[in-house]
Amino acid sequence: MADQGRLTLDRLPYSMPPTSPLYPPPPIMCRDVESIMINFETDRDSAVSLLPTPLELADPPTGTLGILYIPYGAIGTYYESLMTLNCLWKGEPHRYDICFLVTNDVSMAFGREALGAPKKLGNVGLQRSKEGVYGWAERPVGHRLLNMGVPLEERLPVEQAGMLFASSICLRIIPQPNGAEPTISADLIQIPVRRQVTELWRGSGSISFPEQSAVDDWSVLPVNRITDSFYSIGHVEILGPRLLQTLK
Amino acid sequence: MTQTTSQFKFTYSMPPVGGTYPRPPFLYHRGEELIVPFDTEADAARALLPPGLELREPARGIVRMVRHEHSPFGVYSGAYLGLRVTWQEEILIYILMGIVDSYVSVLVGREVWGIPKKLGTVNLGWSGEILHGYAERPEGVRVLEVTAQLRDQLQTPPGQERGPGGVFLRNIPSPERDGRPVVHLIKNEDPDSCEYPDGPGPLVWMANAHLTLSGSAQDPWDVLPILSVRPARYLKGGTTLLNYGKILHDYSNEL
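Predicted model, so just to flag it, every value in this text is computed and none were measured.

Enquirer: Explanation requested: the overall build of chain B in the structure shown.
Expert: Within chain B one finds three helices and 16 strands. Here chain B holds 255 residues, and the buried ones make up 56% of them. A fraction of 67% describes how many contacts in chain B between residues 6 or more apart in sequence connect residues 24 or more apart. By element, 49% of the accessible surface of chain B is carried by carbon and sulfur atoms, the whole surface being about 10300 Å².

Enquirer: Would you mind showing me how to read the confidence of the model for chain A here?
Expert: Close reading of the predicted structure is inappropriate where its pLDDT is low. In this model, chain A carries an average pLDDT of 93, and 98% of its residues clear a pLDDT of 70 or more. Within chain A, the element-level pLDDT minimum falls on strand 1 (residues 2-4) of chain A, averaging 69, and the maximum on strand 11 (residues 144-150) of chain A, averaging 98.

Enquirer: Just checking my understanding: could you explain the pairing of strand 11 of chain A for this structure?
Expert: Each regular strand displays side chains that alternate between the two surfaces of the sheet. Residues and elements named next belong to chain A. The element strand 11 is largely enclosed, with a buried count of five among its seven residues. As judged from the three bridges shared by strand 11 and strand 16 (residues 206-208), these two strands associate in the antiparallel manner. Residue pairing across strands places Gly-149 opposite Ser-206, the latter belonging to strand 16.

Enquirer: Can you help me understand the packing of aromatic side chains in this one?
Expert: Two aromatic rings are characterised by how far apart their centres lie and by the angle between their planes. As enumerated under the stated definition, the model contains 11 aromatic pairs over all chains in all. Ring centres 4.9 Å apart and planes at 70° place the aromatic pair Phe-26 of chain B and Phe-73 of chain B in the edge-to-face group. You can see Phe-26 of chain B sitting in strand 1 (residues 26-39) and its partner Phe-73 of chain B sitting in the loop between strand 3 (60-70) and strand 4 (76-87), a full 47 residues away along the chain. Ring plane angle 80° and centroid distance 5.8 Å describe the contact between Trp-126 of chain B and Tyr-234 of chain B, whose orientation is recorded as edge-to-face. Placement of Trp-126 of chain B in strand 7 (residues 121-127) and of Tyr-234 of chain B in strand 14 (residues 232-236) is noted, with a sequence separation of 108 residues between them. Owing to a relative accessible area of 39%, Trp-126 of chain B belongs among the partly exposed residues under this scheme. The exposure class of Tyr-234 of chain B is buried, given its relative accessible area of 2%. The structure contains a cluster of three or more aromatic residues connected by ring pairs, namely Phe-26, Tyr-28, Phe-73 and Trp-113 of chain B. Between the NZ or CZ atom of Lys-119 of chain A and the centre of the ring of Phe-100 of chain A, over which it lies, the distance is 5.4 Å.

Enquirer: Would you mind going over the pairing of strand 9 (residues 123-129) of chain A with me for this structure?
Expert: Residues and elements named next belong to chain A. Note: strand 9 against strand 10 (residues 132-138), seven bridges, orientation antiparallel. Counterpart to Val-124 in the pairing with strand 10 is Ala-137. Connecting strand 9 to the antiparallel partner strand 10 that follows it, the hairpin turn spans two residues.

Enquirer: What should I look at first to understand the interface of chain B and chain A in this one?
Expert: Often the size quoted for an interface is simply the accessible area lost on bringing the parts together. Taken together, the contact pairs 72 residues of chain B with 67 residues of chain A. Both faces combined, the contact of chain B with chain A buries some 6100 Å², and carbon together with sulfur accounts for 60% of it. Where chain B packs against chain A, one counts three salt bridges. Of the charged contacts in the structure, one is a salt bridge between Arg-110 of chain B and Glu-113 of chain A, with a shortest N-O distance of 2.5 Å. On inspection of chain B and its partner chain A, the count reaches 19 residue pairs in polar contact (both at pLDDT 80 or more). Of the residues belonging to the side of chain B that touches chain A, the class tally is 38 nonpolar, 18 polar and 16 charged.

Enquirer: Got a minute to help me understand unusual backbone geometry in this structure?
Expert: Most peptide bonds take the trans configuration, and most residues that are not glycine carry a negative phi. Going from Met-16 of chain A to Pro-17 of chain A, the amide bond is cis rather than trans, its omega being -10°. With respect to the secondary-structure elements, Pro-17 of chain A resides in the loop between strand 1 and strand 2 (28-41). Phi is positive for Asp-32 of chain A, close to 55°, though the residue is something other than glycine. With a relative accessible area of 34%, Asp-32 of chain A lands in the partly exposed category. At Gln-88 of chain B, a residue that is not glycine, the phi angle is positive and equals roughly 45°. Relative to the assigned elements, Gln-88 of chain B resides in the loop between strand 4 and strand 5 (90-100).

Enquirer: Help me out: how do you make sense of the sheet that holds strand 9 of chain A in this one?
Expert: In a beta sheet, neighbouring strands are held together by backbone hydrogen bonds and run either parallel or antiparallel to one another. Residues and elements named next belong to chain A. Sheet architecture is open: four strands sit in the order 9-10-11-16, paired in antiparallel fashion. Strands with a single pairing partner mark the edges of an open sheet, and in this sheet they are strand 9 and strand 16. Within this sheet the neighbouring strands show an average axis-to-axis angle of 10°, counted without direction.

Conventions used here
Residues numbered from 1 in each chain as written. Chains lettered and ligands numbered in written order. Predicted model: local features only at pLDDT ≥ 70, side-chain atom pairs only at ≥ 80, totals over all residues. Heavy atoms only, no water. Helix = DSSP H or I, 4+ residues; strand = E, 2+ residues; numbered from the N terminus. Buried < 20%, exposed > 50% of the residue type's maximum accessible area, 1.4 Å probe, protein only. Contact = heavy atoms within 4.5 Å. Areas by Shrake-Rupley, 256 points an atom, 1.4 Å probe, with all protein chains shown as cover. pLDDT = per-residue confidence, 0-100. Pairing = 2+ DSSP bridges. Phe/Tyr/Trp six-rings, centres within 6.5 Å; stacked < 30°, edge-to-face > 60°. Lys NZ or Arg CZ within 6 Å of the ring centre and 35° of its normal. Buried area = accessible area lost by both parts, 1.4 Å probe. Salt bridge = Lys/Arg side-chain N within 4 Å of Asp/Glu carboxyl O. Polar contact = N/O pair within 3.5 Å; in protein donor to acceptor, adjacent residues only side chain to side chain. Nonpolar A, V, L, I, M, F, W, Y, C, P; charged D, E, K, R; others polar. Axes fitted to C-alpha atoms, helices over the stretch in contact; angles between N-to-C directions.

This is the structure we're talking about:
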């Protein structure tokens, strides 16, 4: 004997599983976020090969490597490393998100499923020391892909924080479950973010890639010249994403 | 400003350069697996089922714990809570929640089939003659604990070792604020073809089991009350092949 289910679609939460969704819908507030960000010039050919059409490469080709510590917020506490490439969408400057490592599954699944941020799980850390603030990213644990450091040399007015962040664009790839063509759906998605910086420092940053990996190439954008390096503390609110274009 | 010339090739999964996982099929070498059915309350069960799935009575929950000895996603363990249902008279197990200790398994499960996995701690191992399994999320908060003792070895016809296949409600959020999510009901391969035909089949035992399900706000594994635990099934060895799923129903336009 069978009986119909009662989980009506209007009661379906934003994410799986329906009984206990892994993450809530945006906006996602993260408080007291600490970060180091290092901007650099890179190779045009390397950059172009990472950028999906119809995004355009900014000139000169520049990218950013960063490490963040999110102490608490709507998707938990975690560390994150990121690599982005500066680009243009219809003439407006944005950053295109190339890769991330994060340390919790909520951030990972929210990033991938809702935003298209290509996050993987890794071992990431950020630490204050007498030389400044330094961070690292490993995957797997012990296999060091990235070291970054920013000495705190010059305290800046927080009004200058706008130069730190362009709005971000991700390419969300979702596989078709049945293998039918096209085997993926690919959407360019803009992620508006509201930031309130409470502390901002500049320093002579450094980057190194101690070990290589067949599956996680964090040196895919060569660091030809570091142009600026920052340490900041503040609040970050991830607002509702916006579909820019579905790619064919 | 420079217009890019597309040198970009899409991968099956994110990130676009060096995707996290390849396309199915995926071959799994089973270490051990324990399947524990239990009788539960029909009303509680019905409240969890999406339209189109029917509760198969008497209402029966299923806990499955498995340790994969080898897989494309490494060595990992998983625990799943399911419910016996029917879809157009076919008996399936609707997966309510899962905890695994491999993050790639979380991603591929959620993104391809909609298996509602989360990352946590899972252990299935022997303590003397007792098979002991548990799942925790976060570490130290135990939502599932099972002990079992093997009883009789079964001579199971090849391909019928695991029982009904799984069915999942896959929900991919819309990138637009008020957009519709993509919601599919998906079943995995027919279980008869799941056991890899070219490999040796698993050894199968019946087992007596004791099962405890607990809950937290984030992981309510006690959502199905345990009325009585049924005889369990233990599998050791064998291989399974997990292929693309089949979309049973697309709810996207009904939202």
